[in-house]
Amino acid sequence: MSIVLSEEQVDFQKTVRAFLEAKITEDLVRRVAAEEVSTDEPLWESFAELELHGLGIPEEHGGAGGSWVELGLVLEEMGAVLVPVPYFATTVLAGQALAAFAPDGQIEEWLERIRKGELVATLALPGRDGWDDDAISVSAGSTAGAWRLRGRLDRVIDASSAELILTVAGTPDGPRLFAVESAHDGVVTTPRMTLDPTRKMASVEFSDAPAIRLGEGAADRKDLERIVDLATVGLAAEQLGAARRCLETAVEYAKERFQHGQAIGSFQAIKHRCADIFLAIEAARSCVYHALALAAADDPDLGRAASVAKAAASDAVNAAATGSVQIHGGIGFSWEHPAHLYLKRAKSSGILLGTATDHRERLSRCLTTH
Amino acid sequence: MPHDSLIKGGAEESLLPAALRESSEGFRRQVREFLEENLPADWVSVGALDEAERPQWMEQWRNKLVEHGMICVAWPSEYGGQGRSLADHVVLLEEFARAAAPTSLTVDTLAVNLLGPTILEVGTEEQKRELLPRIVSGEDRWCQGYSEPGAGSDLAGVQTTATLKDGKWVINGQKIWTTSAHEADWMFALVRTDRSVSKHAGLTFLLIPMDQPGIEVRPILDMNQHHHLNEVFLTDAETDADSVLGEVNGGWSVATALLGYERNDAAVRDALNLRNELERLFAVAEERGATADPVIGVRLAQAYIEVEAIAHGAVRGLAAALRGQPPGPESSVHKILWSEYHQRVTELALEILGDDALTPDGRGSATHVNTDVTNAPYSSRSWVETYFAARSGTIYAGTSEIQRNIIAERVLGLPRSPRPVPKT
């Protein structure tokens, strides 16, 4: 497979970039960030113009088609502007999870509604212990073929705006994936204060909430791991975009800000810090694009590439966001300047789905006999 | 087992984009056949040869490459090449790496990888016909006369002068850090031909024969006590009036074009070497039980991540080259990534070796800079020498600091740093 973008893909990325930059202003991001629930109806609906809602979901399952490479490029651009709508939760997390299971009538209907932008959905992500039996806080029981969930999820991305919540729950046969409609009485979502105001999270309490089990049989565990690997690659692509924007902003500022009678960007201390951020981004870009190509090709080695990409992109966005604050000086520490929004996003995405260190440990387990 | 899976880097075994892989399959088979037929049956690596027999083996091997058309394959056939595509060239690099076969001699590196492509780009028809076939055949060995005692990072500040006199250039000055000057027949050099203009505008790219009374070569030993570097003293040295590559006083643009050729295949070559070296380090770590230490495990994983970034970055650069995009500043990115990585990974290697690094023994590294050769057998001395050799990577061919300036100014568009006005 090739990590080299085709001309069509390069054009597509440019189109998406121009589209998002025209629609998403800092004011919009800040307005949504200040609210408890993250969404903006006109923006969300406008994604239909580029058929973004169902991207990366196969057409035969009700999606809009397009490969993981296109989806990754969209996520990169969304990361760059801190998209304040539940796209990652809906299209990447829930969309990919639903599409991973041989979709029946109900799942296809959900996927169709996702494609049309009519359904906001999410998936509860595993913590750092993954979906080990001990780490699963929700249990599922069935009577006469009807499943009900009990338990609590501490933090689920965009759960407050989601009509459909997917979660793993323990069953007597091991962990399985379930779908719950949040409108049911047995579901209570409570918005939580978040480190990153542009990535909303809520706790979810299930009290005998009616649920639909997705998929059958023993292959589920592998499917779950694959869903997490895909989400990890998607998040890495988003980090890449955020990192790029942080560097662009810092470089622009370094050209305009004068001290000692010169643009601070002419000082090597600033130049070399910017160059270091660029290097981290370019290294991450190579790893992320490679992982996207493996995702698009349904390659069995995705797990390793996903860890490489997430570790590299987490390091890059951390260097870029912290570097941007430093290069901006005092204004970079202020509430008024957007640098902190990116730093908070860098932190949240650096922790979600495993830190860079977690992924290095995972790689170490894959690559060595210990 | 674990290090075996490392080299594949996912399901792709070739660094080439899929579309190009197929068109080069025929040539790949040809290269494999050549290697099977010509390498000894029990072949391990150049590093496994006895040090005394290595030079002779290498000369014989090079002759075989020439005989079978396995060197400079992407050069046009009228100039001694095989007229093959860049993709085919990458296939050759990959297959040679897989078989642990050398692609050229140390003394060839500059001519084969840098000077040749530059001659193809800016040379006259006569220069192409005369010089290129002799690089391919190994008849002419070249060294690079760039650095001077007073002109390192400030390369355009070279003071060696050349003056036209009776239809000959007469050259006076001193070059330093000249790799392989003691084995070279020719030097390509950046010299000052006009002092009345700004420093970049008065430089000429001259081709100078080494075998003449006006040239004296003195060895410099590196910190491994290896001899590959030299000082070259030019005292009324001479070369023909037409031994100029590019225009007279147009040497700076030739020299910078030449640096751009570091990109295409050098990045692929480096990635293959670094992958092989890291595999060897994983094997050493496993054998010593070092991977049981989670800190070492995480550092090895980080090394793996960095090599992946370098390898996939090489593919991106290659794709740009295959699309005909001119070499850009990405060679600076590659240079910093690999050279700084290489210092970190060799440091890790010495930590894994532990006390054994204190008393290096066994065979020495078969190279002077960068990694030891592909599939080099384990020896503590090789790792220690490679650690020291890695110090040079961030200095030669543009220091890390200069490369960062290039990225900041040419990629990010930051303003040039204030430069002091030269005293006149």
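Rules used in this analysis
Residues numbered from 1 in each chain as written. Chains lettered and ligands numbered in written order. Predicted model: local features only at pLDDT ≥ 70, side-chain atom pairs only at ≥ 80, totals over all residues. Axes fitted to C-alpha atoms, helices over the stretch in contact; angles between N-to-C directions. Helix = DSSP H or I, 4+ residues; strand = E, 2+ residues; numbered from the N terminus. Parallel < 35°, antiparallel > 145°, perpendicular 65-115°, else oblique. Contact = placed C-beta atoms within 7 Å. Nonpolar A, V, L, I, M, F, W, Y, C, P; charged D, E, K, R; others polar. Buried ≥ 20, exposed ≤ 12 C-beta atoms within 10 Å, placed from the backbone. Core = buried A, V, L, I, M, F, W, Y, C linked by C-beta atoms within 7 Å. Domains from an automatic or database assignment.

Student: If you had to explain the packing of helix H8 (residues 268–296) of chain A against helix H10 (residues 294–322) of chain B to someone new, which residues and values would you point to?
Tutor: It is the contact of H8 of chain A with H10 of chain B, at a shortest axis distance of 8 Å, that shows an interaxial angle of 80°. Accordingly, the angle class assigned to the pair H8 of chain A and H10 of chain B is roughly perpendicular. Along its contact with H8 of chain A, which presents Glu-282, Ala-283, Ser-286, Cys-287, Tyr-289 and His-290 of chain A, the element H10 of chain B presents Glu-308, Ala-309, His-312, Gly-313 and Arg-316 of chain B. Looking at the contact of H8 of chain A with H10 of chain B, its residues break down into 4 nonpolar, 4 polar and 3 charged.

Student: How would you sum up unusual backbone geometry? Please name residues and give values.
Tutor: Unlike most non-glycine residues, Asp-298 of chain A shows phi in positive territory, near 55°. If you trace the backbone, Asp-298 of chain A turns up in the loop between H8 and helix H9 (302–328). Looking at Asp-298 of chain A, the number of C-beta atoms within 10 Å reads 11, which means it is exposed. Not every positive phi belongs to a glycine, and Ala-100 of chain B is a case in point at roughly 60°.

Student: Before we move on, can you summarise the nonpolar core with the specific residues and values?
Tutor: Residue and element names in this part refer to chain A. Among the nonpolar cores identified, the biggest contains 237 residues, and Cys-274 and Ala-291 are the most heavily contacted of them. It is H8 that provides the largest number of residues to this core, a total of 19 residues. In contact with Ala-291, other than residues within four places in its own chain, are Val-233, Ala-236, Ala-305, Ala-306, Val-308 and Ala-309.

Student: Give me the interface of chain B and chain A: which residues, what numbers.
Tutor: The partner chain A presents 40 residues to the 41 residues of chain B that form the contact. Residue assignment for the side of chain B that touches chain A shows that the elements contributing at least two residues are helix H1 (2–6), helix H2 (18–23), helix H9 (264–287), H10, helix H11 (330–353) and helix H13 (400–411) of chain B. It is H10 of chain B that contributes the most residues to the side of chain B that touches chain A, 15 residues altogether. For the side of chain B that touches chain A, a count of residues per class yields 27 nonpolar, 8 polar and 6 charged.

Student: Outline the domain arrangement of chain B, supporting the account with residue identities and numerical values.
Tutor: Accessible area lost during the coming together of the parts is what is often quoted as the interface size. Residues and elements named next belong to chain B. Each assigned domain of chain B is listed here: domain 1 (8–137), domain 2 (142–251) and domain 3 (259–411). Of note, the centres of domain 1 and domain 3, computed from C-alpha atoms alone, are 21 Å apart. Listed by contribution, the elements that provide at least two residues to the side of domain 1 that touches domain 3 are helix H5 (86–99) and helix H6 (109–122). It is H5 that contributes the most residues to the side of domain 1 that touches domain 3, 7 residues altogether. Among the residues forming the side of domain 1 that touches domain 3, the class breakdown is 15 nonpolar, 6 polar and 3 charged.

Student: Tell me about the environment of Asn-370 of chain B, and please be specific about residues and values.
Tutor: Residues and elements named next belong to chain B. You can see Asn-370 is positioned in the loop between H11 and helix H12 (380–389). Note: C-alpha distance between Asn-370 and Gln-343 (27 residues apart in sequence) is 9.5 Å. When neighbours within four sequence positions are excluded, Asn-370 is seen to be in contact with Asn-273, His-342, Ala-389 and Gly-393.

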